Amino acid sequence: MTMYRCRLLSTVLLAIAAAGSSSALAEAVLVSNLSEPFRAATPIANPQYWGAQAFQPDANDRPLSSIEAIVGNGANAPQVVAELRKSDINGGIDVTPGGLLTTFTAPDMSGASSVRLFTPDSAVTLLASQTYWFVLGSSNDGTYDWSYADTNFYTGPGILGNFADSSDAGATWNLGDNSFPYFIQVNYALPTGACCLGSGACIPNIDLLNCEVEFGGTYLGDNSECTATSCCNEPVLVSNLSEPFRADTPIANPQYWGAQAFQPDANDRRLVSIEAIVGNGADSPQVVAELRKADINGGIDVTPGGLLTTFTAPDMSGATSARLFTPDGAVTLLASQTYWFVLGSSNAGTYDWSYADTNLFTGPGILGNFADSSDAGATWNLGDNSFPYFIQVTVDCGVADADGDGVEDGSDLCPNTVPGATVDATGCPPFIRFDFDRDGDVDLADFEVFEGCGSGPSISHDGSSDCLRADADSDGDADSDDFGSFQRCYSGTDNPADPNCPCPSGLTDCGGACVDLMWDSGNCGACGSVCPDQTACAWGTCEGVCIDCE
């Protein structure tokens, strides 16, 4: 080496050198020698000595997250210089302004040397197989130690290279070798993306490791996003469109209508569309396309209550082909229930609905029997599933959102919120004192719960969680005063209640409890203002309590 490298003995213990990393959850180690044996420490001081350690990423670009080093023993309040610099054409440190990639927010250097974190002040992507230098110095006369290892071993997919030193505050550098590298760990930010769970739920913005190990999910790839179809492993509920053709059935009113049964799997599913192989229209048929429930015998429920939705039908002109029917209303297909897709015509026009030569089908759902009607759907003859109509039922991803609040049922802790209620990420509305069923309104159903807690003045209620909520003034009973508070919160069925509905006059709602701020020592003058020991709340201020008074 052209310049001595200080090898002063240090009190740093091997155990400190082997101390664990403080890396964040979404970080991974690019390269590290923090667990290697300690050799000595180098005093960093301006202008006497600055140090630098080289490293390289692997064959991938890596977003820099942080750098750790074994540093400490600061004296005279050192003003730490911490930089990341590019290498020059010869592999040394690029000391030009363009060579500086970022500075770091440095840790406090007081106390014995230990593993400490340096956080980059700006975003840096470390390019594959390029050499970078982590530079440490001081811009005043303060000093601190940077320890170095007794070996050149390291872990991680990256490479730990040479050290360098400078006696002129980083203006020029003397290149050493990699025999005794400085203690350093370079952490890179793990890329994040969408994670699909077995339930069909999608978790955004987590890394591959946490997706697969912590959640047992499937990682969709870096920068992937959760969308309406991200985790839809099987958007086709059931289909036989690829089966061999057998024949066509002319659909005509009143001569013939057709229907095909199907079932979802063991999950509720949101219906997206139905396809069928139809066409050869004549005389401009006015297509009837319906989704109906099954009756108690598994046939078609022809009552008004049996109709779930109609469909916007395609043009029937031209040869038969797979054509799309879009539901006119939102429908959740309930697990393992039978549904019937009905096709007819409301005028004398006709069209063909083709059926298959087999009863094979694909998808997690089930394709059931067919049925036909010769009186325009008034009555139906139930067939079997030997030659089902060509049909494909497509559903939305994952489980259903039965209450339509934007939170899928599998993640919805309050699955019956009323339309228009504001909900959080768990599907629950804000806390409303008398909304006992957490559906977002205060209605007759909630009144029944309140009424069950009614005890009358000075008669204790049963102490249940519901009755504690019914006791709005927290006086131990549920009486007419509490009913007055209930009336202020009452909104009616399917009408979202005001989460700020008032407590009785003179009381304030603190975390769901109506309290008197003038006399409540746990909320004295303001919610959460707790009186110290040996004081009590009086007129909104904490006053001393007389102890052992004569």
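Above this text sits the structure in question.
Calculation notes
- Residues numbered from 1 in each chain as written.
- Predicted model: local features only at pLDDT ≥ 70, side-chain atom pairs only at ≥ 80, totals over all residues.
- Heavy atoms only, no water.
- Helix = DSSP H or I, 4+ residues; strand = E, 2+ residues; numbered from the N terminus.
- Buried < 20%, exposed > 50% of the residue type's maximum accessible area, 1.4 Å probe, protein only.
- Contact = heavy atoms within 4.5 Å.
- Areas by Shrake-Rupley, 256 points an atom, 1.4 Å probe, with all protein chains shown as cover.
- Disulfide = S-S within 2.5 Å.
- Pairing = 2+ DSSP bridges.
- Axes fitted to C-alpha atoms, helices over the stretch in contact; angles between N-to-C directions.
- Core = buried A, V, L, I, M, F, W, Y, C linked by side-chain atoms within 4.5 Å.
- Parallel < 35°, antiparallel > 145°, perpendicular 65-115°, else oblique.
- Nonpolar A, V, L, I, M, F, W, Y, C, P; charged D, E, K, R; others polar.
- Salt bridge = Lys/Arg side-chain N within 4 Å of Asp/Glu carboxyl O.
- Phe/Tyr/Trp six-rings, centres within 6.5 Å; stacked < 30°, edge-to-face > 60°.

**A look at the overall build of the protein**
Piece 1. Looking only at helices and strands, the protein has five helices and 33 strands in total.
Piece 2. Counting the 550 residues in the protein, one finds 46% classified as buried.
Piece 3. Look at the contacts in the protein between residues 6 or more apart in sequence, and 69% of them connect residues 24 or more apart.
Piece 4. For the protein, the computed accessible surface area is about 25,200 Å², with 52% contributed by carbon and sulfur atoms.

**A short note on the state of the cysteines**
Piece 1. Inspection of the entire model under this criterion finds six disulfides.
Piece 2. In this model Cys414 forms its disulfide with Cys428; the gap between the sulfur atoms is 2.0 Å. Measuring the twist about the S-S bond at about 90°, one finds the Cys414-Cys428 disulfide to be right-handed. Of this pair, Cys414 sits in the loop between strand 29 (391-395) and helix 3 (444-453) while Cys428 sits in the loop between strand 29 and helix 3, and the two are 14 residues apart along the sequence.

**Quick word on the sheet that holds strand 15 (residues 202-207)**
Piece 1. Spatially, the three strands line up as an open sheet ordered 15-14-16, and their pairing is antiparallel. Edge positions in the open sheet fall to strand 15 and strand 16 (218-222), since each of these has one partner strand only. Ignoring strand direction, the axes of neighbouring strands in this sheet form an average angle of 30°.
Piece 2. Sheet topology note: the strand 14 (residues 192-196)/strand 16 ladder contains three bridges and is antiparallel. For Cys195, the partnering residue across the bridge sits in strand 16 and is Tyr219.

**Regarding the nonpolar core**
Piece 1. With 32 residues, the main nonpolar core has Phe55, Phe118, Leu126, Phe134 and Val186 as its most contacted residues.
Piece 2. Sorting the residues of this core by element identifies strand 1 (27-32), strand 2 (38-45), strand 4 (62-75), strand 5 (80-86), strand 9 (132-138), strand 10 (143-149), strand 11 (159-166) and strand 13 (184-189) as the ones contributing at least two each.
Piece 3. The leading source of residues in this core is strand 4, at four residues.
Piece 4. If we ignore the near neighbours within four places in the chain, the residues touching Leu126 are Leu30, Phe55, Pro57, Asn60, Asp61, Arg62, Leu64, Leu84, Tyr132 and Val186.
Piece 5. Counting 25 residues, the second-largest nonpolar core is a separate cluster that includes Leu237, Leu333, Leu343 and Leu367.

**What about the packing of helix 3 against helix 5 (residues 480-489)?**
If you want to describe how two helices pack, look at the angle between their axes and the distance between the axes.
Piece 1. With their axes 12 Å apart at the nearest point, helix 3 and helix 5 run at an angle of 170° to one another. Our classification of the angle between helix 3 and helix 5 gives roughly antiparallel. Along its contact with helix 3, which presents Asp446, Phe447 and Phe450, the element helix 5 presents Asp482, Phe483 and Phe486.
Piece 2. Of the residues in the contact of helix 3 with helix 5, the class split is four nonpolar, no polar and two charged.

**Things to note about the pairing of strand 29**
Piece 1. Most of strand 29 sits out of view: five of its five residues are buried.
Piece 2. The alternating pattern of strand 29 places Ile391, Val393 and Val395 on one face and Gln392 and Thr394 on the opposite face, and all of these are buried.
Piece 3. Of the pairings in the sheet, the one linking strand 20 (residues 269-282) to strand 29 comprises five bridges and is antiparallel in character. Residue Ile274 lies in a different strand from strand 29, and its bridge partner there is Val393.

**Considering the pattern of salt bridges**
Piece 1. Overall, the coordinates contain six salt bridges when judged by the stated rule.
Piece 2. Across the pair Arg62 and Asp58 runs a salt bridge whose closest N-O atoms are separated by 2.7 Å.
Piece 3. The exposure class assigned to Asp58 is buried, which follows from its relative accessible area of 14%.

**Focus on the packing of aromatic side chains**
Piece 1. A complete count under the given rule lists 25 aromatic pairs for this structure.
Piece 2. With a centroid separation of 3.8 Å and an interplanar angle of 15°, the aromatic rings of Trp353 and Tyr389 are classed as stacked. Of this pair, Trp353 sits in strand 26 (residues 350-356) while Tyr389 sits in the loop between strand 28 (381-382) and strand 29; the two residues are 36 residues apart in sequence, bridging distant segments of the chain.
Piece 3. Look at Trp353 and you get buried, because its relative accessible area is 0%.
Piece 4. By relative accessible area, which is 3% here, Tyr389 ends up buried.
Piece 5. Pairing Phe486 with Tyr490 gives two aromatic rings, centres 6.2 Å apart and planes at 45°, and the pair type is tilted.
Piece 6. The class for Phe486 is buried, based on a relative accessible area of 3%.
Piece 7. Judged by relative accessible area, which is 38%, Tyr490 ranks as partly exposed.
Piece 8. Linked through ring pairs, Phe104, Phe118, Phe134, Trp146, Tyr148, Phe163 and Tyr182 together constitute an aromatic cluster.

**Observations regarding the pairing of strand 13**
Piece 1. Taken across its six residues, strand 13 has five buried, putting it largely inside the fold.
Piece 2. Note: strand 1 against strand 13, five bridges, orientation antiparallel. Across the sheet, residue Val29 finds its bridge partner in strand 13, namely Asn187.
Piece 3. As judged from the five bridges shared by strand 4 and strand 13, these two strands associate in the antiparallel manner. Paired with Glu68 across the bridge in strand 13 is Gln185.

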